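Remarks on the overall topology
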Amino acid sequence: MAHKAVMIRGDGTGPELMAAVDKVLRAAGAPIDWIDMPAGEKCLQAGQPIVPDETIEKIREVGVALKGPMTTPVGKGTVSANVTLRKKLDLYACVRPVRAFPGIKTPFEGLDLVIFRENTEDLYAQIEYYVTPTMTLAKKFITVRGSERIARAAFEYARKHKRKKVTCVHKANIMKICDGLFLSTCRRIAQDYPDIEFADNIVDNQCMQLVTKWRLYDVLVTENLYGDILSDLCAGMMGGLGVAPGANYGEKCAVFEAVHGSAPKYTGMNKVNPTALLLSAVMMLEHFGEQKAADRIVAALEDVFIEGRHRTYDLGGSSGTSEFADAIIARL
């Protein structure tokens, strides 16, 4: 039986990437019944919200969406599509697997960890304004509820996937109230999981530790802004944003997405790496319980990486988006 999922094609190179991923999913026999819904720049240009209400409601109804990369204006304009989806659907857990792939050169051999980023609070909630024409103010907020559920999600994941350690990443040495609350909550939740080692680390030190002692870490749980920064650091460690998948989970909905931007300068050039969006789609298949199809796609992707004949520009090759997808399909 086919699984229903909303497809948001995204901006810039998003539609090309989505077409490539859809082709691979169909070749792998993944039974997805897509519902195409609008969001992004075209909606803004038409005078609509960046994520129209009908798109939000359709995701609520279906429960799952795969989203292409979106363009977020820098220093101006509207709230981003990503933040809009996370707020309106209460997608509180951003989950980003980080691992070294065979065939992709990286100094971080054996890299294998998962980041759990709280997705709805912190400075990233975009509560900011001008106090005077020459002074701005941003509000950071952390709640017990938000901290509890992301911490529990991280520990439950660790237990289910037989991971041995959860590390809370914070800045409680300076942000003693907000980050102090997050840390104390994580410590309390950790007591419910005596089978899993718990540690904590200050965020700047954590960045240093990741690039020197990455094998010491298994699952990281952190706040919204720190999680965004750590995720991109770890994406660089695994080979770049082009191979970094992501998922956003709530109690009733899940939205899967590549973590990179829309790369508008490459629109229509058949150039961008589809791996990140493909691996996000693999996470969606796992969410549906379609483990066999998910495993087949990952195995085929790894074969292509190891063979090395087909690589997109970001990995030192010249293959296009569609050619790379075709190489994966050939391996299937």
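Summary of the structure given here. (Residues numbered from 1 in each chain as written. Predicted model: local features only at pLDDT ≥ 70, side-chain atom pairs only at ≥ 80, totals over all residues. Heavy atoms only, no water.)

Across its full length, the protein chain holds 11 helices and 12 strands. Relative to the globule expectation of 20 Å for 332 residues, the C-alpha radius of gyration of the protein chain, 20 Å, shows essentially globular dimensions. Dimensions of the protein chain along its principal axes, counting C-alpha atoms only, are 55 × 50 × 40 Å. Within the protein chain, buried positions represent 52% of all 332 residues. (Helix = DSSP H or I, 4+ residues; strand = E, 2+ residues; numbered from the N terminus. Rg over C-alpha atoms; globule rule 2.2 N^0.38 Å. Buried < 20%, exposed > 50% of the residue type's maximum accessible area, 1.4 Å probe, protein only.)

Right, let's talk about helix H9 (residues 275-288) for a bit. Here H9 spans 20 Å end to end across 14 residues, near enough to the 20 Å set by a 1.5 Å rise per residue. Of all 14 residues that make up H9, 12 are buried, and the element is covered over most of its length. Inspection of H9 places Thr-275, Ala-276, Leu-277, Leu-278, Leu-279, Ser-280, Ala-281, Val-282, Met-283, Met-284, Leu-285 and Phe-288 among the buried residues, and these make up the whole buried set. Phi turns positive, to about 85 degrees, at Gly-289, one or two residues after H9. (Expected span 1.5 Å × (residues − 1).)

Scanning the model with the defined rule gives 23 salt bridges in all. Where Lys-67 meets Glu-257, a salt bridge forms, and the shortest distance between an N and an O atom there is 3.0 Å. With a gap of 190 residues between them, Lys-67 in strand E3 (residues 64-67) and Glu-257 in strand E12 (residues 254-258) connect regions that are remote in the sequence. Judged by relative accessible area, Lys-67 falls into the buried class, the value being 2%. (Salt bridge = Lys/Arg side-chain N within 4 Å of Asp/Glu carboxyl O.)

Note that Ser-262 resides in the loop between E12 and H9. Polar side-chain contacts of Ser-262 include one of 2.5 Å to the side chain of Thr-71. (Polar contact = N/O pair within 3.5 Å; in protein donor to acceptor, adjacent residues only side chain to side chain.)

Let's shift gears to the sheet that holds strand E2 (residues 32-36). Spatial strand order, E2-E1-E3-E12-E11-E4-E5-E10-E8-E9: 10 strands in an open sheet with mixed pairing. Of all the strands in the sheet, just E2 and strand E9 (197-202) have a single pairing partner and so form its edges. When the angles between neighbouring strand axes are averaged without regard to direction, this sheet yields 25 degrees. In the sheet, strand E8 (residues 165-170) pairs with E9 via six bridges, with the strands oriented parallel. Residue pairing in the sheet places Cys-168 in a bridge with Asp-200 of E9. (Pairing = 2+ DSSP bridges. Axes fitted to C-alpha atoms, helices over the stretch in contact; angles between N-to-C directions.)

Two elements in contact, helix H10 (residues 291-307) and helix H11 (residues 321-331), have axes whose closest approach is 8 Å; the angle formed by their N-to-C orientations is 115 degrees. Judged on the interaxial angle alone, H11 and H10 are roughly perpendicular. The handedness of the crossing between H10 and H11 comes out as right-handed. Across from Ala-300, Leu-301, Asp-303, Val-304, Phe-305 and Glu-307 in H10, the residues of H11 making contact are Phe-324, Ala-327, Ile-328 and Arg-331. (Parallel < 35°, antiparallel > 145°, perpendicular 65-115°, else oblique. Left-handed = near helix turned anticlockwise from the far one by under 90°. Contact = heavy atoms within 4.5 Å.)

Counting buried residues in E8 gives six out of six residues, a clear majority hidden from the surface. In this view, the connection linking E8 to its parallel neighbour E9 by way of helix H6 (residues 178-190) has right-handed handedness. Judged from the four bridges that link them, E8 and strand E10 (residues 219-222) form a sheet pairing that is parallel. Paired with Val-166 across the two strands is Val-219, which belongs to E10. (Right-handed = clockwise from strand over helix to strand, strands pointing away.)

On to the side chain of His-170. Relative to the helices and strands, His-170 resides in strand E8. Look at His-170 and you get buried, because its relative accessible area is 4%. Filtering out sequence-adjacent residues up to four positions away, His-170 remains in contact with Asp-179, Leu-183, Asp-200, Asn-201, Ile-202, Val-203 and Tyr-226.

With 14 residues, helix H1 (residues 14-27) extends 20 Å from end C-alpha to end C-alpha; this agrees with the ideal 20 Å at 1.5 Å per step. Among the residues of H1, those classed as buried are Gly-14, Leu-17, Met-18, Ala-20, Val-21, Asp-22, Val-24 and Leu-25. Turning to H1, the residues buried within the fold contact strand E1 (3-8), E2, E3, H9, H10 and H11. A positive backbone phi angle near 75 degrees is found at Gly-29, which sits one or two residues after H1.

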